[in-house]
Amino acid sequence: MSGILAGLVAQLVLTAVAIVLAVVAPARRRSLLAGSACAALAAAGATTGVLALTGHEGRLEIPTALRLSPVVLAPDRLGGLFILIAGVVGVVASVYAIGYAHGPSASRSQWAALAVFLLGMFLVPAAGDVVAFLLAWELMAVASTVLVLAEQARNPEARRAATWYAVMTHLSFLLILAGFAVLAGATDGTAFAVLARTDPASASASVAFALLALGFAAKAGIVPLHVWLPRAHPEAPSHASALMSAAMVKMGVYGLLLVTLRLLPGGPTWWAVLLVVLGGVSGLYGILQAAIATDVKRLLAYSTTENVGLIVLALGIALLLRGYDAPGAASTALIACLLLTVSHAAFKATLFLGAGSILHGTGERNLDRLGGLVHEMPWTAAAFGIGSLGAAA
C-alpha cells in the first residue's frame, strides 16, 4: 500500500472515529476526545499532503451504488499543497478547540461537523474526477454551514449568517456543477484527465470557464460574491472561522488553479483579464472595508477578501504573461500566488484564533472598547502581533 493510499484510508477511518466519539463521549470528555480525534485526522491529512507535494503517487477508488464510475481520489502535487495547508491549519484549530469550545459549540453536532468539514477539505484537492470533487465539495459546504449555526439558539445573527452562507455556498455548487457538466458534455467523460482534452479555444471551454470561475470565486469570497464572508466569519466559533478563512476559501483558489493550469491551460486572454479585474477589485474593496470595521472578526473577514483578491490577481497576471510569451515573469507571478496562499493560511489562522482568545477572555469584539490587553493576555498579544506583521507583509 502506498503512502498516499494509506493516508487517504486513515483520513476516512479517523473521520468515522471522530464522529463516533462526538456522539457517544460524555459531555465532560467530549471536547478532549473528539478534538484529539480531529487533530489526528488533520495530521493524517497534512502527512498525505506532504507525500503528494513531494511527488508520491497513490489512488483510492470507492465504488458507488449508482451507475457511475467509482469515486476516484488521486492527489497530485498541486492538490498536495492545499491538503497540507488544510491539514496544518486543521491540527492547530482542533487543538485550540479542545479548550475553546464550550456550550453549543461543544455539542455532538458541532464536533461531528468539524470532523466532516476537515475531511471535505482534504478530499476536494484529492479528487481525481468530477463526481469525487462534487461530493467532497458538498461535504465541506454542509458541514461548514452546521458550524456557522453553532450559536443559533441564542444568537439570531448566527441564523441570518448561516442563511446567507448556505445560499451562497450552494450557488457556488450549482455554478461549478454546470461548468463541469459543460466540460463533461464536450469530452464525454468525468475524469479530470479526460476533461483536460477540451480545446481551450472552443465556445464550450469559455462557457465552462465562466461558470467555474464564478463558482470558485464565490467560495473564495471574491467581490461581488463575497457577501457571505463578513456575515459568517464573525458568528462562527473562532476555530471554525480560522478554518474557513485560512483553509476553506483556499479551496476556491485551488479550483481556479485546477481549471486554468490543469483542465483548460492556454485559454484566451479575456480569461486572464477577468481574473485580474476580479482580484484587483476584491483586493481594493476588502482593504477599504477592513480599514473602517470595528468588529475584530469582521475586520479579519474583509481582510480575507483582500488577500484572496491579491492571490487571484497574481494568478490572472501569471496567465496574462504566459499568453504574451513571458514564461519567466509568468512563473514569478504564479509563485507569488502560491506563496501568498501559504502565508495567508498561516497569519489568518493565527489572527482568528487570537481574536477568539480575546472574545473568550473579554466577551468583546468591538475594537473601540478594547485596549491594554497586552498586560492581561501577553501570549495572545504576541501571537496577534506576529500575525499582524504577516498580514502587513
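The rules behind these values
- Residues numbered from 1 in each chain as written.
- Predicted model: local features only at pLDDT ≥ 70, side-chain atom pairs only at ≥ 80, totals over all residues.
- Heavy atoms only, no water.
- Helix = DSSP H or I, 4+ residues; strand = E, 2+ residues; numbered from the N terminus.
- Rg over C-alpha atoms; globule rule 2.2 N^0.38 Å.
- Buried < 20%, exposed > 50% of the residue type's maximum accessible area, 1.4 Å probe, protein only.
- Contact = heavy atoms within 4.5 Å.
- Lys, Arg positive; Asp, Glu negative; His and termini not counted.
- Charge placed at Lys NZ, Arg CZ, Asp CG, Glu CD.
- Core = buried A, V, L, I, M, F, W, Y, C linked by side-chain atoms within 4.5 Å.
- Expected span 1.5 Å × (residues − 1).
- Bend = angle between axes of the 7 residues up to and from the residue.
- 1 Å grid on protein atoms, 1.4 Å probe; cavity = no way out; pocket = protein on both sides within 12 Å on 5 of 7 lines; lining within 4 Å.
- Points joined across faces, edges and corners; volume = space filled by probe spheres on them.
- Phe/Tyr/Trp six-rings, centres within 6.5 Å; stacked < 30°, edge-to-face > 60°.

Draft legend 1. Focus on the overall build of the chain. The helix and strand tally for the chain stands at 15 helices and two strands. Relative to the compact-globule value of 21 Å for 393 residues, the chain shows a C-alpha radius of gyration of 20 Å, a close match. If one aligns the C-alpha atoms of the chain with their principal axes, the spans along those axes are about 60 × 45 × 35 Å. Across the 393 residues that make up the chain, the buried fraction comes to 54%. Of the contacts formed within the chain by residues at least 6 apart in sequence, a portion of 77% connects residues at least 24 apart. Of the charged side chains in the chain, 21 are positive and 16 negative; the average position of the first set lies 8 Å away from that of the second.

Draft legend 2. Just the nonpolar core, in detail. Judged by nonpolar contacts, the single largest core of 110 residues is most densely connected at Phe 117, Met 121, Phe 133, Trp 137, Phe 180, Trp 228 and Met 244. A total of 15 residues in this core trace back to one element, the largest contributor, which is helix α10 (residues 238–263).

Draft legend 3. Highlighting unusual backbone geometry. Omega for the bond connecting Val 223 with Pro 224 falls within 30 degrees of zero, at 10 degrees, which places this linkage in the cis form. Relative to the assigned elements, Pro 224 resides in the loop between α8 (203–220) and α9 (229–235). A positive phi angle, close to 60 degrees, is found at Asp 188, a residue other than glycine. Within the chain, Asp 325 stands out as a residue other than glycine whose phi angle is a positive 60 degrees. For Asp 325, the position within the fold is in the loop between α12 (296–323) and α13 (327–362). According to the relative accessible area criterion, Asp 325 is exposed, its value standing at 67%.

Draft legend 4. Structural view of α10. In this model α10 runs 35 Å from its N-terminal to its C-terminal C-alpha over 26 residues, within 8% of the 38 Å that 1.5 Å per residue would give. Along α10, the largest kink reaches about 40 degrees and is centred on Met 244. Most of α10 is tucked away: 24 of the 26 residues are buried.

Draft legend 5. Structural view of the layout of surface pockets. In this model, the largest pocket occupies a volume close to 330 Å³. Forming the boundary of the largest pocket are 15 residues, of which Tyr 100, Glu 151, Arg 154, Leu 359 and Arg 365 lie nearest the centre. Mapped onto the lining of the largest pocket, the elements with two or more residues apiece are α9 and α13.

Draft legend 6. Spatial organisation of the packing of aromatic side chains. In the structure shown here, the tally under the stated rule is 13 aromatic pairs. An angle of 70 degrees between the planes, with centres 6.2 Å apart, marks the rings of Phe 133 and Phe 192 as edge-to-face. Pair noted here: Phe 133 is in helix α5 (residues 130–148) and Phe 192 is in helix α7 (residues 192–195), with a separation of 59 residues, a long-range link. Comparing Phe 133 with Phe 192 shows no difference in burial state: the two are buried. Measuring from ring centre to ring centre gives 6.3 Å for Tyr 285 and Tyr 302, while their planes differ by 70 degrees; the resulting arrangement is edge-to-face. You can see Tyr 285 sitting in helix α11 (residues 269–292) and its partner Tyr 302 sitting in helix α12, a full 17 residues away along the chain.

Distances and angles like these do not, on their own, reveal function.
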